[in-house]
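# Examining the three-dimensional arrangement
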Amino acid sequence: MLLNLLAIIAIGAGVVGWLWITIMAFSEGEILWGIGCLIISPISLVYGILNFQELKIPVLMLAIGFVARIGVEAIAFAAT
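Just so we're clear, the structure is a prediction, and the values are computed from it rather than from any experiment.

## Details of the overall build of the chain
When you go through the chain residue by residue, the secondary structure sums to 4 helices and 0 strands. The linear arrangement of helices and strands in the chain, starting from the amino end, is α-α-α-α. Along the first, second and third principal axes, the C-alpha set of the chain runs to 45 × 25 × 15 Å. When burial is assessed residue by residue, the chain has 24% of its 80 residues classed as buried. Intrachain contacts of the chain at a sequence separation of at least 6 include 50% that bridge at least 24 residues. Working note: accessible area of the chain is about 5,400 Å², and carbon and sulfur atoms make up 79% of it.

## So, the pattern of salt bridges
Per the counting criterion, the structure on display carries 1 salt bridge. Arg69 serves as the salt-bridge partner of Glu73, at 3.3 Å between the closest nitrogen and oxygen. Separated by 4 residues within a single helix, Glu73 and Arg69 lie in helix H4 (residues 56–79), roughly one turn from each other. Under the relative-accessibility criterion, Glu73 is labelled partly exposed at 42%.

## Thoughts on the environment of Ile57
When you line up the elements, Ile57 lands in helix H4. Through-space distance from the C-alpha of Ile57 to that of Ile21 is 9.6 Å; in sequence the pair is 36 residues apart.

## Let's talk about the nonpolar core
Grouped burial of nonpolar side chains is what soluble globular proteins tend to show. In terms of nonpolar packing, the biggest core is built from 7 residues, these being Ile21, Ala25, Cys37, Tyr47, Leu55, Val59 and Leu62. Taken together, the elements giving at least two residues each to this core come down to helix H1 (2–27) and H4. In this structure Leu55 touches Ile21, Met24, Tyr47 and Gly48, once residues within four positions along its chain are discounted.

## Comments concerning a nonpolar patch on the surface
A surface patch of nonpolar side chains, amounting to about 550 Å² of accessible area, comprises Phe26, Ile31, Ile35, Leu38, Ile39 and Ile40. At 4 residues, helix H2 (residues 31–39) tops the list of elements feeding residues into the nonpolar patch. Note that Ile40 resides in the loop between H2 and helix H3 (42–50). On the basis of relative accessibility, which here comes to 44%, the residue Ile40 falls in the partly exposed class.

## Overview of the packing of H1 against H4
Where H1 meets H4, the closest approach of the two axes is 7 Å, and the angle between their N-to-C directions is 150°. Of the possible angle classes, the one that applies to H1 and H4 is roughly antiparallel. For the pair H1 and H4, the crossing hand works out as left-handed. Residues Leu3, Leu6, Ala7, Ala10, Ile11, Ala13, Gly14, Val16, Gly17, Trp18, Trp20 and Ile21 of H1 touch H4, and the partners they reach there are Ile57, Pro58, Val59, Met61, Leu62, Gly65, Ala68, Arg69, Val72, Ile75 and Ala76.

Conventions adopted
Per-chain numbering applies: the sequence of each chain, read as written, is numbered from 1 onward. Totals for whole chains, interfaces and linings use every residue, but because this is a predicted model, local features are given only for residues with pLDDT of at least 70 and side-chain atom pairs only at 80 or more, for both listing and counting. The basis for every side-chain value is the complete set of heavy atoms in the structure, and neither hydrogens nor water enter the calculation. Each helix is a run of DSSP H or I of at least 4 residues and each strand a run of E of at least 2, with the numbering of both proceeding from the N terminus. Burial classes follow relative accessibility: with a 1.4 Å probe on protein chains only, a residue under 20% of its type's maximum area counts as buried, one over 50% as exposed, and anything between as partly exposed. Any pair of residues with heavy atoms lying within 4.5 Å of one another is described as a contacting pair. Calculation of accessible area relied on Shrake-Rupley with a 1.4 Å probe; when residues are assessed, cover is drawn exclusively from the protein chains displayed. What counts as a salt bridge is simple: a side-chain nitrogen of Lys or Arg found within 4 Å of a carboxyl oxygen of Asp or Glu. Remark: nonpolar core denotes a set of buried residues (Ala, Val, Leu, Ile, Met, Phe, Trp, Tyr, Cys) joined through side-chain atoms within 4.5 Å. Within the patch definition used here, like charges are joined within 9 Å and nonpolar side chains (Val, Leu, Ile, Met, Phe, Trp, Tyr) within 5 Å, considering only residues with over 30% relative accessible area and no salt bridge. An axis is simply a line fitted to the C-alpha atoms; with a helix, the fit covers only the stretch in contact. Between two such axes, the angle follows the N-to-C directions and lies from 0 to 180 degrees. Angles below 35 degrees are treated as roughly parallel, those above 145 as roughly antiparallel, those between 65 and 115 as roughly perpendicular, and all remaining angles as oblique. By the definition used in this description, the sense in which the near helix is turned from the far one sets the handedness, with an anticlockwise turn below a right angle giving left-handed and a clockwise turn giving right-handed.

As structure tokens, this is what we get:
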């Protein structure tokens, strides 16, 4: 149960970070980056790193969500 809750929180943090970066790409007037972030989600991490000064929090949310999700899956796999 706790592992499921942690997985949901990790996914939520990653999704919020991804949406935040995508919205910022569109709001900066960079339409191609915004479309790229929507279609191919790893591009949002690239865009976030390129604009890290403005997007520190969403990049960290995306990265933490990704790493936490991998950790939860590793723990779940080891437990079975």
